[in-house]
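Architecture at a glance
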Amino acid sequence: MSSWTALPDNAVSDETVARIDRWWRAANYMSVGQIYLLDNPLLRRPLTRDDVKPRLLGHWGTTPGLNFLYAHLNRAIAERQQSTIYVAGPGHGGPGLVANTYLDGTYSELYSDITEDEEGLRKLFRQFSFPGGIPSHVAPETPGSIHEGGELGYALSHAYGAAFDNPDLLVAAVVGDGEAETGPLATSWHSNKLVNPSHDGVVLPILHLNGYKIANPTILDRIGQDELTSLLTGYGHKVHWFEVADGTDESFDSIHRRFAATLDEVLDEIAAIKAAAAEQGEDLPARPGR
Ligand SMILES: Cc1ncc(C[n+]2csc(CCOP(=O)(O)OP(=O)(O)O)c2C)c(N)n1
Ligand SMILES: [Mg+2]
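Computed from a predicted model, the values in this text were never measured in an experiment.

Side note on the coordination of the magnesium ion (ligand 2)
Within the protein, the atoms that donate to the magnesium ion (ligand 2) are Asp-177 (OD), Asn-210 (OD1) and Tyr-212 (O), at distances of 2.1 to 2.2 Å. Each donor residue of the magnesium ion (ligand 2) lies on one chain, and together they are spaced D-x32-N-x1-Y. Of the two residues, Asp-177 sits in the loop between β2 (170-176) and α7 (183-188) while Asn-210 sits in the loop between β3 (202-208) and β4 (212-213), which places them 33 residues apart along the sequence. Classification of Asp-177 as buried rests on a relative accessible area of 1%.

Set out below in structure tokens:
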């Protein structure tokens, strides 16, 4: 199977949904553990004050969304054999990406002292945002990272930079709604004008509209769905909404199925654009400056 494969009528099985959910929950647990725990990583004994970090840096808000996207993208790109990187823009998203790379085995491969057992997990939790440890944003030491997240604003610029002249690469770029208020991010929605589907890869911007920049409301969340859709459409993006209502009693099973269907729809649309570009080939206008 080559990349940019369309899989119309793709239905995820019960087993796949259960596996996505288990991955997501494990990554969430490991993210909370990194933010809060100095010791007692598997909570085998009752939690005490000494188990908890005295000074917390980083916050939980963005992490379940980042982990959710990572788990779902893994499913879709494995099925399509699609070469992909994941760029995490939102503030303090570090624990999510560290958790996912630990779960897939890469972390222990690169850092042999962070072993795949309880002691390794203890060290992994302790080192996060701790003196002598690792930063709370994705950083050069995060496995596979090309994107330093500490200064917000560059998720899309880095994503497009990775996609240019890399025709088989999909870059899933998660943008924080707070990050989106920075000047660099606000202008980089326009980078789509520079992409040529026959020469370049594809950037899939995913706006993580969790409503807040740490604890304060974000503009893109408050302007409402119609205005935000118009704004992004005006920038030349096709908008797909995925929402989970506050306080919903929708099951996780249903939420996972809905998101998997949305992601498949988006990836099928991208495959169609790539197929059309391959057919037209060099007739497509080259991007400015070529
Ligand atoms: C350029 C820049 N300004 C300010 C900050 C401080 N800061 C860290 S996280 C954050 C909030 C970012 O909001 P969002 O991207 O929505 O992430 P979330 O809070 O939802 O995790 C801010 C303002 C920063 N890291 N970089
Ligand atoms: Mg946010």
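What to know about the sheet that holds β2
Read across the sheet, three strands follow the order β1-β2-β3 without closing on themselves; strand pairing throughout is parallel. Of all the strands in the sheet, just β1 (84-88) and β3 have a single pairing partner and so form its edges. Averaged over all pairs of adjacent strands, the angle between strand axes in this sheet comes to 20 degrees, irrespective of strand direction. As paired strands, β1 and β2 are joined by five bridges and run parallel to one another. Counterpart to Tyr-86 in the pairing with β2 is Ala-172. Contacts from helix α6 (residues 155-163) reach β1, β2 and β3 within the one sheet, and its direction differs from that of β2 by about 175 degrees. Where helix α10 (residues 252-280) meets the sheet, its contacts fall on β2 and β3, and the angle it forms with β3 comes to roughly 155 degrees.

Details of the packing of aromatic side chains
In the structure shown here, the tally under the stated rule is nine aromatic pairs. Ring centres of Tyr-160 and Phe-164 lie 6.3 Å apart, and the angle between their planes is 40 degrees; this geometry places the pair in the tilted category. Exposure remark for Tyr-160: the relative accessible area of 3% places this residue in the buried category. By the ring-pair criterion, three or more aromatic residues cluster together here, those being Trp-24, Phe-68, Phe-242, Phe-252 and Phe-259.

Section: the site of ligand 1
Around ligand 1 sit 16 residues, and of these Gly-150, Asp-177, Gly-178, Asn-210 and Ile-214 come closest. For ligand 1, a nitrogen atom lies 3.1 Å from a polar atom in the backbone of Leu-152. Per-class residue counts for the shell around ligand 1 are four nonpolar, eight polar and four charged.

Quick look at the pattern of salt bridges
Applying the stated criterion across every chain, the model contains 14 salt bridges. Salt bridges sharing common partners tie together Arg-75, Glu-79, Arg-80, Asp-264 and Asp-268.

Some thoughts on unusual backbone geometry
Despite not being glycine, Trp-4 has its phi angle at roughly 60 degrees, a positive value. One can find Trp-4 in the segment before α1 (14-36). Residues other than glycine seldom take positive phi values, yet Ile-214 does so here, at roughly 55 degrees. With respect to the secondary-structure elements, Ile-214 resides in the loop between β4 and β5 (216-217). On the basis of relative accessibility, which here comes to 57%, the residue Ile-214 falls in the exposed class.

A word on the nonpolar core
The nonpolar side chains of soluble globular proteins are, as a tendency, buried together. In terms of nonpolar packing, the biggest core is built from 24 residues, with Leu-69, Tyr-86, Leu-97, Leu-170, Leu-263 and Ile-270 touching the most fellow members. Those elements that place two or more of their residues in this core are α2 (63-80), β1, β2, β3 and α10. Leu-69 has contacts with Tyr-86, Val-174, Ile-206 and Phe-259, leaving out every residue within four places of it along the chain. One finds Leu-156, Ala-162, Leu-169 and Tyr-235 within the second-largest nonpolar core, a separate group that totals 19 residues.

The rules behind each value
Residues numbered from 1 in each chain as written. Chains lettered and ligands numbered in written order. Predicted model: local features only at pLDDT ≥ 70, side-chain atom pairs only at ≥ 80, totals over all residues. Heavy atoms only, no water. Donors = N, O, S within 2.8 Å, 3.2 Å for Na, K, Ca; no water. Helix = DSSP H or I, 4+ residues; strand = E, 2+ residues; numbered from the N terminus. Buried < 20%, exposed > 50% of the residue type's maximum accessible area, 1.4 Å probe, protein only. Pairing = 2+ DSSP bridges. Axes fitted to C-alpha atoms, helices over the stretch in contact; angles between N-to-C directions. Contact = heavy atoms within 4.5 Å. Phe/Tyr/Trp six-rings, centres within 6.5 Å; stacked < 30°, edge-to-face > 60°. Near = heavy atom within 4 Å. Polar contact = N/O pair within 3.5 Å; in protein donor to acceptor, adjacent residues only side chain to side chain. Nonpolar A, V, L, I, M, F, W, Y, C, P; charged D, E, K, R; others polar. Salt bridge = Lys/Arg side-chain N within 4 Å of Asp/Glu carboxyl O. Core = buried A, V, L, I, M, F, W, Y, C linked by side-chain atoms within 4.5 Å.

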